[in-house]
Amino acid sequence: MSDTVTDQLLRGILASVLGLAPDRVAGFDAHTGLFGHLPELDSMAVAGLLTELEDRLDIVIDDDEIDGEMLETYGGLLAFAIRKREGTASTGA
């Protein structure tokens, strides 16, 4: 699956889970702050976001993969999602 598709899916997940307007999420770039910048993405919302990422992107996120850097910016979260999807596709998992 292409990076563009992953980007579109991730934007949809953020809009859905955090209750953000799709046009707001469409304006996110690689440097857009997430955790600590979006009031909607608090510590309680992180669990829901990670669950939706796993479900909608067909990936498994291990506890030791979760860190502040991954959730700091949209670009960081997108890069993580792309790596996970590529890892899943390459291993056939």
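Predicted model only: the values in this text are computed from it and were never measured. (Residues numbered from 1 in each chain as written. Predicted model: local features only at pLDDT ≥ 70, side-chain atom pairs only at ≥ 80, totals over all residues. Heavy atoms only, no water.)

*Asks:* How do you make sense of the environment of Phe-28 when you look at a structure like this?
*Replies:* By secondary structure assignment, the location of Phe-28 is in the loop between helix H2 (22–26) and helix H3 (43–57). Note on Phe-28: relative accessible area 7%, which makes it buried. Considering only alpha carbons, one finds Phe-28 and Ala-81, 53 residues apart in sequence, at a separation of 16 Å. Beyond its immediate sequence surroundings of up to four residues, Phe-28 is in contact with Arg-11, Leu-14, Leu-20, Leu-34, Leu-38 and Tyr-74. (Helix = DSSP H or I, 4+ residues; strand = E, 2+ residues; numbered from the N terminus. Buried < 20%, exposed > 50% of the residue type's maximum accessible area, 1.4 Å probe, protein only. Contact = heavy atoms within 4.5 Å.)

*Asks:* Would you take a moment to explain the packing of helix H1 (residues 3–18) against H3 for this structure?
*Replies:* Relative placement of two packed helices is described by the angle separating their axes and the distance separating the axes. One way to put it is that H1 packs onto H3 with a least axis distance of 10 Å and a crossing angle of 140 degrees. One finds that H1 runs oblique with respect to H3. Here H1 runs over H3; the crossing is right-handed. Along the contact surface, H1 presents Leu-9, Leu-10, Gly-12, Ile-13, Leu-14, Ser-16, Val-17 and Leu-18, while H3 presents Ala-45, Gly-48, Leu-49, Glu-52, Leu-53, Arg-56 and Leu-57. Classifying every residue of the contact of H1 with H3 gives ten nonpolar, three polar and two charged. (Axes fitted to C-alpha atoms, helices over the stretch in contact; angles between N-to-C directions. Parallel < 35°, antiparallel > 145°, perpendicular 65-115°, else oblique. Left-handed = near helix turned anticlockwise from the far one by under 90°. Nonpolar A, V, L, I, M, F, W, Y, C, P; charged D, E, K, R; others polar.)

*Asks:* Would you mind going over the pattern of salt bridges with me for this structure?
*Replies:* Side-chain pairing between opposite charges can occur once the charged atoms of the two side chains come close. Here the structure, examined in full by the defined rule, presents four salt bridges. The partner of Asp-7 in a salt bridge is Arg-11, and the shortest N-O contact between them spans 3.1 Å. Of this pair, Asp-7 and Arg-11 both sit in helix H1, four residues apart, roughly one helical turn. On the accessibility criterion, Asp-7 (17% relative accessible area) is buried. A salt bridge links Glu-40 to Arg-24; its shortest N-O distance comes to 3.1 Å. Taken as a pair, Glu-40 in the loop between H2 and H3 and Arg-24 in helix H2 lie far apart in primary sequence, 16 residues in all. (Salt bridge = Lys/Arg side-chain N within 4 Å of Asp/Glu carboxyl O.)

*Asks:* Explain the nonpolar core here, please?
*Replies:* Most often, soluble globular proteins keep nonpolar side chains buried together rather than apart. Judged by nonpolar contacts, the single largest core of 27 residues is most densely connected at Leu-14, Phe-28, Leu-41, Leu-49, Leu-53 and Leu-77. Counting residues per element, the ones that place at least two in this core are H1, H3, helix H4 (68–72) and helix H5 (74–91). In this structure, Leu-77 is in contact with Leu-10, Leu-14, Leu-34, Leu-49, Leu-53, Met-70 and Leu-71, ignoring residues within four places of it in sequence. (Core = buried A, V, L, I, M, F, W, Y, C linked by side-chain atoms within 4.5 Å.)

*Asks:* It is not clear to me how the confidence of the model for the protein chain should be interpreted in this structure. Could you clarify?
*Replies:* One rule of thumb: low pLDDT means the predicted coordinates there are not for detailed reading. Averaged over every residue, the pLDDT of the protein chain is 92; residues scoring 70 or more account for 92%. Averaged pLDDT values for the elements of the protein chain fall to 85 in H5 and rise to 97 in H2. (pLDDT = per-residue confidence, 0-100.)

*Asks:* Help me out: how do you make sense of the environment of Leu-53 in this one?
*Replies:* Here Leu-53 lies in helix H3. Given the relative accessible area of 1%, Leu-53 is considered buried. In sequence terms Leu-53 and Ser-2 are 51 residues apart; their C-alpha atoms lie 16 Å from each other.

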